[in-house]
Amino acid sequence: MSEGTMQLRAQRDQRDQRAKRLHRVLVCAAAVPVVLVAAGCSSDSGSGDSTDKAAKAAASASASPSPTVQAAAYGKLPEPCKTLSKKTLKDLVPESKSGKEGKSDDISTRGNCSWNSLDNNGVKGSQFRWLNVSMLRFESDVTRGPADKQAQEYFEKQVQDAQAVEGAKGAKSEPVPGTGDEATAVRYELKKKEGTFKQQTVVARVENVVVTLDYNGAGLAGDKSPSADDLMKGAKKAAKEAVAAVSDANGAGGGKASGAPSKAPSKSPSKSPSKSASKDASEEPTKEASASPSQKPASKS
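Bear in mind that the values here come from a model prediction, so they are computed numbers and not experimental data.

Helix and strand counts for the chain come out as five helices and seven strands. Across the 301 residues in the chain, those meeting the buried criterion constitute 38%. Here the analysis covers contacts within the chain between residues at least 6 apart in sequence; of these, 66% occur between residues at least 24 apart. Accessible surface, the chain as shown: approximately 17100 Å² in total, 54% of it carbon and sulfur.

Laid out in structure tokens, this is it:
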């Protein structure tokens, strides 16, 4: 074999070897995307599982029950000036022509009505009477609790307020059975320049509603003072009627007003003020509804 032939053969072998190496490189390069694609598919599959698990966890969380509180028993109030019968009004405020309804931003939550009566007998003197009925209804709230519990706290606060009127003389308190779930009567005398006013306040709770009835009387221009016992008898009767009106307005038939057993027995009338009375300032009665005799001029008619 000639030297030229051997050289050509060697060159051909080198080309063949380079071609084989290039082929192997191309094969490997072509295999890389396949591996990457496979890895990518595997990664996507894992991501989908994570997404499914997160979705299931979110669905489970949304399905878990949220905090609840017992619904309020009563959802509305009667018309304030129609809570008392004509006969009762004739007995307690005989010279009153009609009641004056107080302003309310929500008549289903609060209401009050007042009546003035002045029996003017000239030089023989006059008899003055003032009657007011106010009602406040509470709604159940997750933060503040059941409506009846809020009403009970407010009831206790109202009793304490009635017992703490500035200038009151001879204050006495007593429970009033057969009127709502709990009721307390407070009586006292308040001397003013027009005469001595004898105040009777009955605070009653029926379910989630608190009724406060104020009734006072005085003998003016030298007329004799009315009997405190007679005034209290009339106040208790009127308070019982007002509580029955609340029950009737809610289709309850007035059962709580007729002496049904109390679910939350009344605390002692002399108990210290409630520490957890309603924090909502909008739940305070109107000034006219909660005014003491010292805030109501005797000369009004």
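Counted by the stated rule, this structure contains 12 salt bridges. The partner of Glu-153 in a salt bridge is Lys-149, with the nearest N and O atoms 2.8 Å apart. In this pair, Glu-153 and Lys-149 both sit in helix H3 (residues 147-163), four residues apart, roughly one turn of the helix. When its relative accessible area of 12% is taken as the criterion, Glu-153 is described as buried. Each of Glu-174, Arg-187, Asp-229 and Lys-236 takes part in a single network of salt bridges with overlapping partners.

Two descriptors summarise a pair of aromatic rings, namely the distance from one centre to the other and the angle between the planes of the rings. All told, the structure shown has two aromatic pairs when counted by the stated rule. With a centroid separation of 5.6 Å and an interplanar angle of 55°, the aromatic rings of Phe-138 and Tyr-154 are classed as tilted. Linking Phe-138 in the loop between strand S3 (126-137) and H3 with Tyr-154 in helix H3, this pair joins segments that are 16 residues apart in sequence. In terms of burial, Phe-138 and Tyr-154 fall into one category: buried. A cation over an aromatic ring shows up here: Lys-192 above the ring of Phe-197, its NZ or CZ 4.6 Å from the ring centre.

On to the pairing of S3, then. Among the 12 residues in S3, 12 count as buried, and that is most of the element. The sheet contact formed by strand S2 (residues 110-120) and S3 spans 11 bridges and is antiparallel. Within S3, the residue paired with Ser-117 across the bridge is Arg-129. Of the pairings in the sheet, the one linking S3 to strand S7 (residues 209-220) comprises 12 bridges and is antiparallel in character. Following the sheet pairing, Leu-131 is matched in S7 by Tyr-215.

Glancing now at the nonpolar core. Counting residues in hydrophobic clusters, the biggest one holds 29 residues, and the most contacted among them are Leu-84, Trp-115, Leu-131, Val-133, Val-211 and Leu-213. Counting residues per element, this core draws most heavily on helix H4 (residues 228-249), at eight residues. Each residue touching Trp-115, except ones within four places of it in the same chain, is listed here: Pro-80, Cys-81, Leu-84, Leu-89, Val-93, Ser-96, Ser-98, Gly-99, Arg-129, Trp-130, Leu-131 and Val-133.

Right, let's get into the pairing of strand S4 (residues 169-175). With respect to burial, S4 is a largely exposed element, only zero of its seven residues being buried. Note that S4 and strand S5 (residues 182-192) share five bridges and pair antiparallel. When the bridges of S5 are listed, Glu-174 appears paired with Ala-185. Counting the residues that bridge the hairpin from S4 to S5 gives six residues, and of these Gly-178 lies at a positive phi of roughly 75°.

Looking at the secondary structure, you find Gly-178 in the loop between S4 and S5. Given a relative accessible area of 25%, Gly-178 falls into the partly exposed group. Spatially, the C-alpha atom of Gly-178 lies 7.9 Å from that of Lys-240, the residues being 62 residues apart in sequence.

Let us look at the environment of Ala-239. Structurally, the position occupied by Ala-239 is in helix H4. With 25 residues separating them in the primary sequence, Ala-239 and Asp-214 have C-alpha atoms 9.0 Å apart. Apart from the residues within four sequence positions on either side, Ala-239 is in contact with Thr-179, Val-202 and Leu-213.

So, on to the sheet that holds S3. Judged by pairing direction, the sheet is antiparallel, and its seven strands sit side by side in the order S1-S2-S3-S7-S6-S5-S4 without closing on themselves. Each edge of the sheet is formed by a strand with only one pairing partner; in this case those strands are strand S1 (100-101) and S4. Lying on the sheet, H4 is in contact with S3, S4, S5, strand S6 (195-206) and S7; it crosses S6 at an angle near 30°.

Turning to its location among the elements, Gln-127 is positioned in strand S3. Distance in space between the C-alpha atoms of Gln-127 and Asp-223 is 7.0 Å, their sequence separation being 96 residues. Ignoring sequence-local partners within four residues, the contact set of Gln-127 consists of Ser-117, Leu-118, Asp-119, Ala-218, Gly-219, Asp-223, Lys-224 and Pro-226. Here Arg-129 takes part through its side chain, which lies 2.8 Å from a polar atom of the side chain of Gln-127. Among the polar contacts made by the side chain of Gln-127, one reaches the side chain of Asp-223 at a distance of 3.2 Å.

Conventions used here
- Residues numbered from 1 in each chain as written.
- Predicted model: local features only at pLDDT ≥ 70, side-chain atom pairs only at ≥ 80, totals over all residues.
- Heavy atoms only, no water.
- Helix = DSSP H or I, 4+ residues; strand = E, 2+ residues; numbered from the N terminus.
- Buried < 20%, exposed > 50% of the residue type's maximum accessible area, 1.4 Å probe, protein only.
- Contact = heavy atoms within 4.5 Å.
- Areas by Shrake-Rupley, 256 points an atom, 1.4 Å probe, with all protein chains shown as cover.
- Salt bridge = Lys/Arg side-chain N within 4 Å of Asp/Glu carboxyl O.
- Phe/Tyr/Trp six-rings, centres within 6.5 Å; stacked < 30°, edge-to-face > 60°.
- Lys NZ or Arg CZ within 6 Å of the ring centre and 35° of its normal.
- Pairing = 2+ DSSP bridges.
- Core = buried A, V, L, I, M, F, W, Y, C linked by side-chain atoms within 4.5 Å.
- Axes fitted to C-alpha atoms, helices over the stretch in contact; angles between N-to-C directions.
- Polar contact = N/O pair within 3.5 Å; in protein donor to acceptor, adjacent residues only side chain to side chain.

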